[in-house]
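Summary of the model geometry
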Amino acid sequence: MAILIDENTRVVVQGLTGREGQFHALRNRDYGTNIVAGTRPGKGGENIESIPIFNTVEEAVKEEGANVAMTFVPPAFAKEAVLEAAFAGCELIVCITEGIPAKDEAEMYDIIKKETNSKLLGPNCPGLISPGKSNVGIMPHEITKQGNVGVVSRSGTLTYQAVHELTQLEIGQSTCIGIGGDPVPGMSFIDVLEEYEKDDETSSIVMIGEIGGSAEEEAADFIKNNISKPVVSYIAGVTAPPGKKMGHAGAIVSGNKGTALAKMDALKDAGVNVVSNPTKIGNAIKKVI
Amino acid sequence: MDLFEYQGKSLYQDYDISHPKSSLVKDPKELQELKGLSYPVVVKAQVQVGGRGKAGGIKVANNHDELIELGNQIYGMDIKGHKVEVLLIEEASEILEEYYLSFTLDRSAKKYLMMLSSKGGMDIEQVAKDNPKDLVKLHISPSKGLDKKDLDESIIEANLNQKYKNELSEIISKLYELFEEGDCDLVEVNPLAITNEGVMALDSKVALDMNAKFKHENFQILEDEIPIPEEEKFAKEKGLNFIKLDGFVGIIGNGAGLVMSTLDVVAEHGGSASNFLDIGGGAKSETVSAALEVLETDPNVKSVLINIFGGITRCDLVADGIVEATSGKKLKWPIIIRLDGTNSQEGLEILKNNPNDNIFISENMDEAAKLAVESGV
């Protein structure tokens with residue numbers, strides 16, 4: 001099963017003609033992902049390594065049956081691109097683009113939620129991979145292994161770290177998801193946790209959080225009441241100086257809420273096994289499977 | 001990016017938001033020549049730290065002589081480690097009532113949030129704690145914007161003086177426009193005051209969303225006016241995300257999450273980081289050698305830990321950067337390197353082919369942190 005994407009996923013790449021878009025689209029295709037189309041206004045009819053280019057997502061959906069969009073469009077045009085994919089009927093839009101203004105993010109989230117049935121992952125996220133089936137994003141698939149642990153994280157490279165720890169112990173993953181650390185992410189921890197709870201292939205969950213915001217506290221509440229599968233968690237930023245921005249727009253400590261300790265306490269209170277160091281994730285999962 | 005009060009007020013000017021008439025003084029010699037303001041005036045230290053009033057950074061001058069005296073007194077003052085280098089001289093208004101207003105993003109609701117209170121001019125956090133009813137909160141749909149009717153209802157609910165409801169509604173709408181159209185993370189006015197000259201925004205706390213820089217030409221100008229801590233200047237020039245800390249283990253990593261986590265693991269092994277340094281995604285070899293150069297300027301560094309998990313970033317390029325920066329040099333401190341992910345084998349090969357007595361490879365993050373702490377003590 002895995003969640004959100006699998007071997008039947010058909011991906012349209014927005015920004016396929018750009019350097020990043022092309023690199024990752026081809027890499028993901030080599031992995032076995034169905035990359036069925038790309039879009040670039042004005043370049044319809046062309047192709048890149050035999051991937052057909054369309055002017056609009058709507059055409060890609062109609063002609064190639066695309067159902068998931070992977071977006072590499074630059075920040076200034078990202079909002080329009082994501083909305084285009086949503087209105088064209090893509091079930092899931094994975095927005096990799098970094099540096100989108102918070103107002104654009106808030107607005108696009110609001111419109112997608114009110115006017116479409118699409119799910120948005122990101123922006124500013126590494127995307128997701130269902131190992132052995134499909135990779136929609138920029139995660140290095142070499143470090144993943146097919147299996148039964150669902151991984152969800154706010155951070156990019158820290159996600160890789162966590163996945164790597166699992167794979168090193170021969171523990172595979174059903175799906176690995178980076179939700180991104182921006183102020184207004186599309187899918188939240190809760191949205192992803194809900195999917196993992198329903199998924200037969202997922203038997204346990206790893207959740208990686210970091211300082212700033214209150215998404216982890218809200219997730220803890222949700223886990224307490226709705227998640228029956230074992231959860232292992234790690235929160236980065238215990239020693240981060242308060243009030244400083246640390247790269248992710250999201251990583252701002254404000255008051256008591258948002259500190260690593262507050263998040264760890266909330267998660268422990270929800271019955272989650274919180275580890276103090278990302279290298280301990282693998283062994284913690286090993287104990288529950 | 002947090003703005004100084006005077007910068008926020010220059011944005012008020014752009015959005016026609018009424019605020020006191022003022023002059024800016026960047027050199028105390030200018031005080032002598034200052035004309036065009038009617039007394040009394042308020043002399044306000046421009047520092048980015050709370051509590052400047054209590055620290056003596058805000059004073060009222062009743063005439064020109066007092067202005068010069070107080071201006072010289074406040075200029076150059078140290079307020080909680082911030083040196084006063086700019087003064088804002090404002091005409092003092094007769095304040096009849098003081099309110100609080102702010103617009104910000106409520107991240108958990110994924111909507112904008114307006115907060116309004118009749119209890120302005122004081123610590124609003126305390127008000128929120130003691131009398132939460134005195135702080136009216138209104139969520140605003142990002143796609144629809146601030147609804148006039150909702151705003152008017154909030155003005156009534158917050159118990160603001162109804163005699164001024166039209167003026168209040170107008171100035172609050174303009175402040176919202178600044179927040180929304182101006183791509184601000186925060187617009188906070190405390191106090192928003194009713195004065196003998198009408199409704200006015202007496203203070204400004206504005207933070208800009210720098211991701212929106214491409215939409216606003218003035219963001220760069222405002223950014224250039226904000227001094228960067230000396231030790232972070234060089235890093236900024238090189239495009240590195242660097243924050244100075246107090247410890248002794250220099251940290252270089254890719255991705256904010258992984259770097260934060262590296263700081264934590266170093267602490268777990270009894271060490272402490274001298275900095276936070278994120279080379280970002282897709283770093284080139286120059287980025288890595290620049291990062292090492294940045295650490296060389298810090299005398300507190302005793303050992304260096306490079307922790308890379310390649311994704312977009314390629315480990316072979318990271319290794320190239322390390323070799324470029326260290327080849328043939330006698331290093332000041334040991335460097336412990338951990339490379340994983342994209343092209344890590346190639347990266348490790350490059351390091352192996354360019355050995356340096358002070359460079360050590362470690363196979364995992366935990367061990368690397370431990371080694372960095374031990375070799376730095």
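Residues numbered from 1 in each chain as written. Chains lettered and ligands numbered in written order. Predicted model: local features only at pLDDT ≥ 70, side-chain atom pairs only at ≥ 80, totals over all residues. Heavy atoms only, no water.

1. Considerations on the overall build of chain B
Quick note on the threshold: Under the DSSP-based scheme used, a helix requires at least four consecutive residues in state H or I and a strand at least two consecutive residues in state E, with every element numbered from the N terminus. Categorising residues by exposure relies on relative accessible area from a 1.4 Å probe, with only protein chains included: less than 20% of the type maximum marks a residue as buried, more than 50% marks it as exposed, and the intermediate range marks it as partly exposed. Contacts are residue-level and defined by heavy atoms, with any inter-residue pair within 4.5 Å sufficient. In this description, accessible areas are obtained by the Shrake-Rupley approach with a 1.4 Å probe, and a residue is regarded as covered only by the protein chains that are shown.
The helix and strand tally for chain B stands at 13 helices and 18 strands. Projected onto its principal axes, the C-alpha coordinates of chain B cover approximately 80 × 50 × 40 Å. When each of the 377 residues of chain B is scored for burial, the buried share is 55%. Put simply, of all contacts in chain B between residues at least 6 apart along the chain, 69% involve residues at least 24 apart. For chain B, the accessible area works out to roughly 17,100 Å², and carbon and sulfur atoms hold 47% of it.

2. A closer look at the pairing of strand β5 (residues 68–71) of chain A
All names here are of chain A. The line we're drawing: When DSSP finds two or more bridges between a pair of strands, those strands are recorded as paired.
The two faces of β5 match: V68 and M70 on one face and A69 and T71 on the other face are all buried. As judged from the four bridges shared by strand β1 (residues 10–14) and β5, these two strands associate in the parallel manner. Residue V13 lies in a different strand from β5, and its bridge partner there is M70. In this sheet, strand β6 (residues 92–95) lies alongside β5 in parallel orientation, the contact comprising four bridges. When the bridges of β6 are listed, A69 appears paired with I93.

3. Focus: the interface of chain B and chain A
How we decide: Accessible area, probed at 1.4 Å, shrinks when two parts are joined; the buried area is that loss added up over both. Put simply, a salt bridge is a Lys or Arg side-chain nitrogen that is within 4 Å of an Asp or Glu carboxyl oxygen. Each residue receives one of three labels: charged for Asp, Glu, Lys and Arg, nonpolar for Ala, Val, Leu, Ile, Met, Phe, Trp, Tyr, Cys and Pro, and polar for the others, Gly being one of them.
Listed per partner, the contact involves 46 residues of chain B and 59 residues of chain A. In this assembly, chain B packs against chain A so that about 3,900 Å² is buried in total across both faces, 56% of it on carbon and sulfur atoms. Our count for the contact surface shared by chain B and chain A stands at two salt bridges. Here K215(B) and D104(A) are joined by a salt bridge, their closest N and O atoms 3.0 Å apart. At the level of elements, α6 (165–181), β10 (184–195), β13 (241–244), α9 (256–268), β16 (303–310), β17 (335–341) and α13 (365–376) of chain B are the ones that each hand at least two residues to the side of chain B that touches chain A. The dominant element in the side of chain B that touches chain A, judged by the number of residues it contributes, is α9(B), at 10 residues. Along the lines of polarity and charge, the residues of the side of chain B that touches chain A split into 19 nonpolar, 12 polar and 15 charged.

4. A closer look at the nonpolar core
Cut-off, in case you're wondering: As used in this record, nonpolar core signifies buried Ala, Val, Leu, Ile, Met, Phe, Trp, Tyr and Cys residues forming a set joined through side-chain atoms within 4.5 Å.
Formed by 90 residues in total, the largest nonpolar core has its most connected members in V94(A), L121(A), L193(A), M207(A), I223(A) and L305(B). Here this core takes seven residues from α9(B), the largest share from any one element. Excluding residues within four positions of it along the chain, I223(A) makes contact with L193(A), M207(A), V231(A), L267(A), A270(A) and V272(A). By size, the runner-up hydrophobic cluster in this structure holds 49 residues, among which are Y99(B), L101(B), Y176(B) and V199(B).

5. Some words on unusual backbone geometry
Here the bond from G122(A) into P123(A) is cis, since omega is 10°, no more than 30 degrees from zero. As for its placement among the helices and strands, P123(A) is situated in the loop between β7 (119–121) and β8 (127–130). Residue P40(B) is reached from Y39(B) by a cis peptide bond, and omega for that bond is 0°. Summarising the element assignment, P40(B) is placed in the loop between α2 (30–33) and β2 (41–45). Backbone geometry at E49(A) places phi at a positive 45°, although glycine is not the residue there. Relative to the helices and strands, E49(A) is located in the loop between β3 (47–48) and β4 (51–54). Of note in the backbone geometry, N159(B) takes a positive phi value of approximately 65° without being a glycine. With respect to the element layout, N159(B) can be found in the loop between α5 (148–157) and α6.

6. Side note on the sheet that holds strand β6 (residues 87–91) of chain B
All names here are of chain B. Basically, it comes down to this: Under this scheme, a helix contributes an axis fitted over its contacting stretch, all axes are lines through C-alpha atoms, and angles between N-to-C directions fall in the 0 to 180 degree range.
Strand order across the open sheet formed by four strands is β1-β6-β2-β3, with antiparallel pairing between neighbours. One side of each edge strand has no neighbouring strand; the edge strands of this open sheet are β1 (22–25) and β3 (58–61). Within the sheet, the average angular offset between the axes of one strand and its neighbour, ignoring direction, is 20°. Where β2 meets β3, four bridges bridge the pair, whose relative direction is antiparallel. If you follow K44 over to β3, its bridge partner there is I58.

7. Quick look at the packing of α9(B) against α13(B)
Residues and elements named next belong to chain B. Threshold: Oblique is the label for any angle not under 35 degrees, not over 145, and not in the 65 to 115 range, which are roughly parallel, roughly antiparallel and roughly perpendicular in turn. In this scheme, a crossing is called left-handed if the near helix is turned counterclockwise away from the far one by less than a right angle; it is called right-handed if the turn is clockwise.
Relative orientation of the contacting elements α9 and α13 amounts to 55°, with a least axis distance of 9 Å. Here α13 runs oblique to α9, going by the angle between their axes. Relative to α13, α9 is oriented so that their crossing is right-handed. Between α9 and α13, the contacting residues are L258, S261, T262, V265 and V266 on the first element and M365, D366, A369 and V373 on the second. Considering only residue class, the contact of α9 with α13 consists of six nonpolar, two polar and one charged.

8. Topic: the sheet that holds β8(A)
As summarised here, the arrangement of the seven strands in space is β9-β8-β11-β10-β12-β13-β14 (chain A), forming an open sheet in which the pairing is mixed. Edge positions in the sheet fall to β9 (134–137) and β14 (273–275) of chain A, since each of these pairs with one other strand and no more. For this sheet the average axis-to-axis angle between neighbouring strands, irrespective of direction, equals 15°. Where strand β13 (residues 231–236) of chain A meets β14(A), three bridges bridge the pair, whose relative direction is parallel. For S233(A), the partnering residue across the bridge sits in β14(A) and is V274(A). Lying over the sheet, helix α8 (residues 260–269) of chain A contacts β12 (204–210), β13 and β14 of chain A, oriented at roughly 170° with respect to β13(A). Contacting β12 and β13 of chain A, α9(B) crosses the sheet at an angle of about 90° to β13(A).

9. Things to note about the pairing of β9(A)
Residues and elements named next belong to chain A. Bridge count between β8 and β9: four bridges; the pairing is antiparallel. Bridge pairing in β9 places S130 opposite S134. The loop that links β8 with its antiparallel partner β9 comprises three residues; one of these, G132, has a positive phi angle of about 80°.

10. A few points about the side chain of Q161(A)
Our working rule: Within 3.5 Å is the distance limit for a polar contact, defined as a pair of N or O atoms, with the added protein rule that one can donate a hydrogen and the other accept it, and that residues adjacent in sequence qualify only through two side-chain atoms.
Examined against the element boundaries, Q161(A) turns out to sit in helix α5 (residues 157–168). One polar contact links Q161(A) to E165(A), side chain to side chain, over a distance of 2.7 Å. Not counting chain neighbours up to four residues away, the residues in contact with Q161(A) comprise P278(A), T279(A), L258(B), F309(B), R338(B) and M365(B).

11. Re the confidence of the model for chain A
For clarity, the threshold we go by: One number per residue, pLDDT, summarises how confident the predictor is, and it ranges from 0 to 100.
When pLDDT is averaged along chain A, the result is 92, and 94% of the positions lie at 70 or above. When the criterion is pLDDT under 50, residues 244–255 of chain A qualifies, and its contacts beyond four places in sequence or with other chains add up to 45 contacts.

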